[in-house]
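# Coordinates in review
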Amino acid sequence: MSIDLELDCRDLMCPMPVIELARHLEEVEVGGTIGVAATDVAARVDVPAWCRMRAQEYLGERVADDGVPVFVVRRSS
Amino acid sequence: MTNASAPPGQGHGTEFDTASSEPLHPAARETLLAALDQAYADPRRLHRSGRTARLLLDNARAVVAESLDVRPDEVSFTGSGTEAVHRGLLGLVRGSRHGSRVVHSAIEHAAVRHAVAWGGDAVDVGCDEQGRVDDGDLVEAAHAPGVGAVALQTANHEVGTIQSVGQFELPDDVPLFTDACASMGRLPLPPGWAAAAGSAHKWGGPAGVGVLLVRKGARWRNPFPGDDRIDERVAGFENVPGALGAAAALQAVVSERDVVNARQHALVDRIRSAIAAIPDTQVVGDPVDRLPHVVTFSFLYVDGESLVHELDRHGFGVASGSACAASTLEPSAVLTAMRVLTHGNVRVSLTRDATEAEVDRLLAVLPGIVASLRAEVGM
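The next subject is the overall build of chain A. In terms of helices and strands, chain A carries two helices and four strands. Of the regular secondary structure in chain A, the N- to C-terminal order runs β-α-β-α-β-β. Across its three principal directions, the C-alpha atoms of chain A cover 30 × 25 × 20 Å. Sequence separation of at least 24 residues holds for 61% of the intrachain contacts in chain A that already meet a minimum separation of 6.

Spelled out as structure tokens, the structure:
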């Protein structure tokens, strides 16, 4: 799972990781991927929920070198 | 003491948080106050005041039994809904011949989840995006070896979705516990359970009174130390005034529910459609098959804690399942299991006398609050 743009949202509380995701989505091409590295536990639910609401594709989660989960989204539109 | 002279439920603007606690029903108030003077004695004693307390306790039990369409000897009064959940569920586990595994939905109230963590081995079953538990999954999991009991709520306390209690068949000898705290009094009890729990302050009775129901013939064994009181399923000195107040409120709620439920249902429909018109909003829970008084929704990019404070400033008391509004800083287990948005969440639960004007006032201020909170974060 390659990531075109990774957002460092470590230590940001909800809903900030999702706000960052929405702000930076258009910085990747349609079909490109954007990762949200977040320590906030709500991000695991809210990133996929945001994808369903905004018709983007949630690809799943991987783990960054420091153990923090990175939630990966493909820009669909 | 601070000034507590405001009339019930009217001292702090419009409280739309009755799923947490409903103001005392007027029918309960008089009964409760009279009982405080009349029913103070030990109901086990043979003297006059003891006999009076016993008579009044039996009367409370009979009224609750009639209101819930169960037998009086199936009714026990506990110190809270949580205690009724603990005793009801763990008593079935203790009485089981099979083992201590408890199959339960992931969206049970914390009282159920804590009871299982303490006295059983949890087997979680998920739910769909409406918050409905698939009873096929529940039954399948119940067939595994070592399952002592299954727990499924009558209706979800956070999103209002009604579950299919009474509409599925468990394997022989695997009993069902149903947490009916969210619906008791408001909706008829479904059939199909061996033990059930309710909480008086959620139907307009006093706090500190729970109702534990154990079906006649159910294999239920007291999971906690026994006591030498009137009712062997519970322990401690009986709260006779509380039981009487709870019974009076329950009887009133049951007799009024056709009218109240229809009114609340229509008001919730009004809220659901108005909220859905606000951009980037999720209204969650079943739109039709739900508790009459509860509606839950989430606003994208909004912080739940700020939303609760802003609504409070405008005179509305509501609850939130968002992590930032919780003591645990964890998002609601219900919203998480439903895989819906957890931030910017609000649960509105209507009072029995909520009016269209109050609801419209809420709907008039909400879009502006949401827009300004979004603007603060540049969205």
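With that out of the way, let us pick up the overall build of chain B. Secondary structure summary: chain B contains nine helices and 12 strands in total. Computed over the C-alpha atoms, the radius of gyration of chain B is 21 Å, within 12% of the 21 Å expected from 2.2 N^0.38 for a compact globule of 379 residues. With the C-alpha coordinates of chain B rotated into their principal frame, the extents come out at 70 × 55 × 35 Å. Counting only residues that meet the buried cut, chain B has 52% of its 379 residues in that class.

A few words now on the interface of chain A and chain B. Each partner contributes to the interface: chain A provides 14 residues, whereas chain B provides 20 residues. Put simply, the parts of the chain that give the side of chain A that touches chain B at least two residues each are helix H1 (16-24) and helix H2 (43-53) of chain A. Residue composition of the side of chain A that touches chain B, by class: 13 nonpolar, no polar and one charged.

Ranked by size, the top nonpolar core spans 132 residues in total, and within it A:Val36, B:Leu89, B:Val150, B:Ala195, B:Leu244 and B:Ala249 carry the most contacts. Take this core: its biggest share by element is 15 residues, from helix H6 (residues 240-276) of chain B. Of the domains in this structure, domain 1 (26-252) and domain 2 (257-376) of chain B are the two that each give at least three residues to this core. Contacts of B:Leu89, omitting those with residues within four sequence positions, involve B:Val112, B:Ala115, B:Ala149, B:Ala151, B:Phe177 and B:Ala195.

A few words now on the sheet that holds strand S10 (residues 294-299) of chain B. All names here are of chain B. With respect to topology, three strands assemble into an open sheet ordered S9-S10-S12, the strand pairing being antiparallel. Whereas interior strands pair on both sides, the edge strands pair on one side only; in this sheet they are strand S9 (281-284) and strand S12 (345-349). Each strand axis lies, on average, 20° off the axis of its neighbour in the sheet, ignoring direction. Sheet analysis places S9 next to S10, joined by four bridges and oriented antiparallel. Paired with Gln282 across the two strands is Ser298, which belongs to S10.

All names here are of chain B. One can describe the packing of helix H2 (residues 48-68) onto H6 by two numbers: an axis separation of 9 Å at closest approach and a directional angle of 30°. Our classification of the angle between H2 and H6 gives roughly parallel. H6 is crossed by H2, and the crossing has left-handed handedness. Two secondary-structure elements touch here, H2 through Ala53, Leu56, Leu57, Ala60, Val63, Val64 and Ser67 and H6 through Val240, Ala243, Leu244, Ala247, Leu250, Gln251 and Val254. Per-class residue counts for the contact of H2 with H6 are 12 nonpolar, two polar and no charged.

Bringing the domain arrangement of chain B into the picture now. All names here are of chain B. According to the domain assignment, chain B contains domain 1 (26-252) and domain 2 (257-376). Of note, the centres of domain 1 and domain 2, computed from C-alpha atoms alone, are 28 Å apart. If you look at the interface, domain 1 gives 19 residues, while domain 2 gives 22 residues. Among the residues making up the side of domain 1 that touches domain 2, the classes are represented as seven nonpolar, eight polar and four charged.

Residues and elements named next belong to chain B. In space, the seven strands of this open sheet follow the order S2-S8-S7-S6-S5-S3-S4, with mixed pairing throughout. Among the strands making up the open sheet, the edge pair consists of strand S2 (75-78) and strand S4 (121-125). The sheet shows a mean angle of 20° between the axes of neighbouring strands, direction not considered. Relative to strand S8 (residues 210-214), strand S7 (residues 195-199) runs antiparallel, the two being bridged by five bridges. Pairing of Ala196 across the sheet is with Leu213, part of S8. Where helix H3 (residues 81-95) meets the sheet, its contacts fall on S2, strand S3 (101-105), strand S5 (147-151), strand S6 (176-179), S7 and S8, and the angle it forms with S7 comes to roughly 170°.

About the thresholds
Residues numbered from 1 in each chain as written. Chains lettered and ligands numbered in written order. Predicted model: local features only at pLDDT ≥ 70, side-chain atom pairs only at ≥ 80, totals over all residues. Helix = DSSP H or I, 4+ residues; strand = E, 2+ residues; numbered from the N terminus. Contact = placed C-beta atoms within 7 Å. Rg over C-alpha atoms; globule rule 2.2 N^0.38 Å. Buried ≥ 20, exposed ≤ 12 C-beta atoms within 10 Å, placed from the backbone. Nonpolar A, V, L, I, M, F, W, Y, C, P; charged D, E, K, R; others polar. Core = buried A, V, L, I, M, F, W, Y, C linked by C-beta atoms within 7 Å. Domains from an automatic or database assignment. Pairing = 2+ DSSP bridges. Axes fitted to C-alpha atoms, helices over the stretch in contact; angles between N-to-C directions. Parallel < 35°, antiparallel > 145°, perpendicular 65-115°, else oblique. Left-handed = near helix turned anticlockwise from the far one by under 90°.

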